[in-house]
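# Observations on the three-dimensional arrangement
If you want the building blocks of each chain, they are given just below.
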Amino acid sequence: MAITELMRLWGQHAAKKAQPARTALDHADAIDSTSPPANRPGETRRKRLTWRQRGPEGTMPDMQAPKTPEYTAEYDAIIVGAGFSGLYQLHALRDRLGLSVRVLEAGDGVGGTWYWNRYPGARCDSESYYYSYSFSKELEQEWEWSERYPEQPEIMRYLNHAAERFGLKRDIQFGTRVTHAAFDEAAGRWQVATEAGERFSAQFLITAVGCLSSTNVPKIPGLESFAGEWHHTGRWPHGGVDFRGKRVGLVGTGSTGIQATPVIARDARHLTVFQRTANYSIPARNGPMSAEARAEIKRNYAAIREKSRGSTNGHPWDISAASALDAGPEERMALYEDAWKVGGLRFRAAFKDLLSHPEANETASEFIRGKIREVVHDPATAELLTPRDHGFATKRPPIDTEYFETFNRDNVSLVDVRAHPIEAISRDGLRTTEGEHKLDMIVFATGFDAMTGPLLAMDIRGRGGAALAEAWTAGPRTYLGLQVAGFPNLFTITGPGSPSVLCNMPTAIEQHVDWITDCIRHLRDHRLARIEARAEAAERWVAQVNEAAHATLLPTAASSWYLGANVPGKPRVFMPYAGGLARYAGICREVAANGYEGFVLGR
Ligand code: NA7
């Protein structure tokens, strides 16, 4: 289908009134109850799985294996995480290569980031029809998305369906947090330990831990004395949270805070939004997906996927070839108005130079500032909500359903914690340098220790016991975002230094999983046991990542989590590769075609 046709279909949706967002909690319980009980080592026995028995003679090693360090469960590959990436990686290694694989997952169900992020209004900013797997034509055809953007419960249903359809759950061990992983040089294997004291060993260790899974709860003095409930959006209670009759304080105005604000405001007695950095946001224009749109998409999936893979950000649309500076003021305004009506992340594609030329960017920034002034009735509140310290999309641009409109409600107020920083939390509320705000509940929408946080939390040790944390003291250093020098046979799906968070994640994930799977197949076919990034190749790649970032305006947003700026003390390094997914995938293909150039392969 011509992508313009899709745009037309979405244009029709945009004209309809946006559906009110249901809270993520509406469906949470139903989903959890469908999840099977956690598998334990020994419950699933794959052909090539062996137990190295070190216990008393006669103990049945693969039956009811005790959770003691005396037993090590051996696999070809251990995958950490059962979100989009871990599930597909399991399928690829187990069902295509025939490897014995175990997935270790901290949560009690599949879903990864989506398993934990159940906050009110949680919804994907990518559109459902392409925020999905492309590896199975059957899955593509059978799954029916209900809305333009999938809500968290729908993504959970989708991932549970995929996990069941491909028989993945039997090889996933839920409720299992990896706390240590070390490369045993003599054996050429990774030794992995969990919080519960279980031990695993595998030739390959593959992290599928997501980029936004290590929550960032600000260290505010007095939090422990707070008498009410507090929650971080990335660890939302599965049983739900009742805002009715409560004075709720919400800290943070990134994508999450912007999604949650309108939904919490509908139920809470009063909502106070604590804003440190004002943000640009584009209307999502969510709506139901018509049968006509669904059929059209399904007929054209091959072209849609090809477009996504060949794009800069993994989305199936073109970035305009026109410069914002070449268009006259009227033509430019008309194009922005059209893009505003279509809504969503497509707005960023209205002109080719919004992320490369400061003046071009300023035209988009000023257009959005004008929209905020139009929507928000109180001029002082509108001004406070207006971003002036960074350009549009230099931080990850949120998309919303009636975010700015919510500040016209009587039960919502906005507090500027840039001008008056948060000092402390007391029994009764939150104190800024300006005074105390009495609260019954605090919601931290304060983001994540992105990209590096989940990897460093696993205490990964490479050759000679070298810690990943040491290797990354000055920021992450990878080769292609896939491997780290000194850490043989460790693969990091959507690791720092890859396009990852700058993309539609499933597109980036599938490219990585396919590359890793082909790489392991190559090793096996050539009777090779090891692959490790060369230090020089990693150094060159770090320089390329840096160069790609500085060819854009992305590093100019001082408060961006892409730079690690939201976490005090984190090195300020631009983490994802900004050179575009298509270019990146081409580099990865070439590296493989040249005999895995930049890697050392060994027996
Ligand atoms: P983000 O985008 O990192 O947003 C976090 C927000 O929390 C942001 O407004 C921060 O302000 C604010 N924040 C963080 N720490 C504090 C403290 N200590 N005090 C006040 N305000 C604070 O996380 P999200 O969860 O919204 O989104 C993450 C990604 O998920 C998103 O980009 C999409 O890719 C999906 P700051 O801007 O740092 O001044």
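Cut-offs used in this document
- Residues numbered from 1 in each chain as written.
- Predicted model: local features only at pLDDT ≥ 70, side-chain atom pairs only at ≥ 80, totals over all residues.
- Heavy atoms only, no water.
- Near = heavy atom within 4 Å.
- Polar contact = N/O pair within 3.5 Å; in protein donor to acceptor, adjacent residues only side chain to side chain.
- Areas by Shrake-Rupley, 256 points an atom, 1.4 Å probe, with all protein chains shown as cover.
- Nonpolar A, V, L, I, M, F, W, Y, C, P; charged D, E, K, R; others polar.
- Helix = DSSP H or I, 4+ residues; strand = E, 2+ residues; numbered from the N terminus.
- Expected span 1.5 Å × (residues − 1).
- Buried < 20%, exposed > 50% of the residue type's maximum accessible area, 1.4 Å probe, protein only.
- Salt bridge = Lys/Arg side-chain N within 4 Å of Asp/Glu carboxyl O.
- Contact = heavy atoms within 4.5 Å.
- Core = buried A, V, L, I, M, F, W, Y, C linked by side-chain atoms within 4.5 Å.

With respect to spatial proximity, 20 residues lie near the ligand, and among them Thr253, Thr256, Arg276, Thr277 and Lys395 are the closest. Between the ligand and Lys395, the relevant distance is 2.7 Å, taken from an oxygen atom to a side-chain nitrogen or oxygen of the residue. Ala445 has a polar backbone atom sitting 3.3 Å from an oxygen atom of the ligand. Protein chains shield 88% of the accessible area of the ligand, which is 780 Å² for the free molecule. A breakdown of the residues in the shell around the ligand according to their chemical character gives six nonpolar, 10 polar and four charged.

Here helix 16 (residues 505–525) contains 21 residues, and its C-alpha end-to-end distance of 30 Å stays within 8% of the 30 Å for a straight helix at 1.5 Å per residue. Counted residue by residue, helix 16 has 15 buried out of 21 residues, so it is predominantly covered. Backbone geometry just after helix 16 places Arg527 at a positive phi near 50 degrees.

Taken as a whole, this structure holds 33 salt bridges when the rule is applied. With a shortest N-O distance of 3.0 Å, Arg346 and Glu127 are connected by a salt bridge. Placement of the pair is Arg346 in the loop between helix 10 (329–342) and helix 11 (358–375) and Glu127 in the loop between helix 4 (113–116) and helix 5 (137–142), with a sequence separation of 219 residues. Here Arg369 makes a salt bridge to Glu362, at a shortest N to O gap of 2.8 Å. For Glu362, a relative accessible area of 37% translates into the label partly exposed. Ionic contacts of the salt-bridge type, sharing partners, join the residues Arg94, Asp95, Arg170 and Asp171 into one network.

Time to look at helix 11. With 18 residues, helix 11 should cover 26 Å at 1.5 Å per step; its first-to-last C-alpha distance of 26 Å lies within 8% of that length. Of the positions making up helix 11, those classed as buried are Ala360, Asn361, Thr363, Ala364, Ser365, Phe367, Ile368, Arg369, Gly370, Lys371 and Ile372. Where helix 11 is buried, its residues meet strand 11 (282–283), helix 10, helix 12 (379–384) and helix 13 (403–406).

So, about unusual backbone geometry. Residue Asp459 is not a glycine yet carries a positive backbone phi of 50 degrees. In the Ramachandran plot, Asn489 falls in the positive-phi region, its phi being about 60 degrees despite a non-glycine side chain. Assignment of secondary structure puts Asn489 in the loop between helix 15 (468–471) and strand 19 (490–492).

Turning next to the nonpolar core. Counting residues in hydrophobic clusters, the biggest one holds 132 residues, and the most contacted among them are Tyr133, Phe347 and Trp515. With eight residues, helix 16 is the single largest residue contributor to this core. Each residue touching Trp515, except ones within four places of it in the same chain, is listed here: Leu482, Phe491, Cys588, Arg589, Val591, Ala592, Tyr596 and Phe599. Judged by nonpolar contacts, the second largest core, of 22 residues, contains Ala181, Phe200, Leu455 and Met458.

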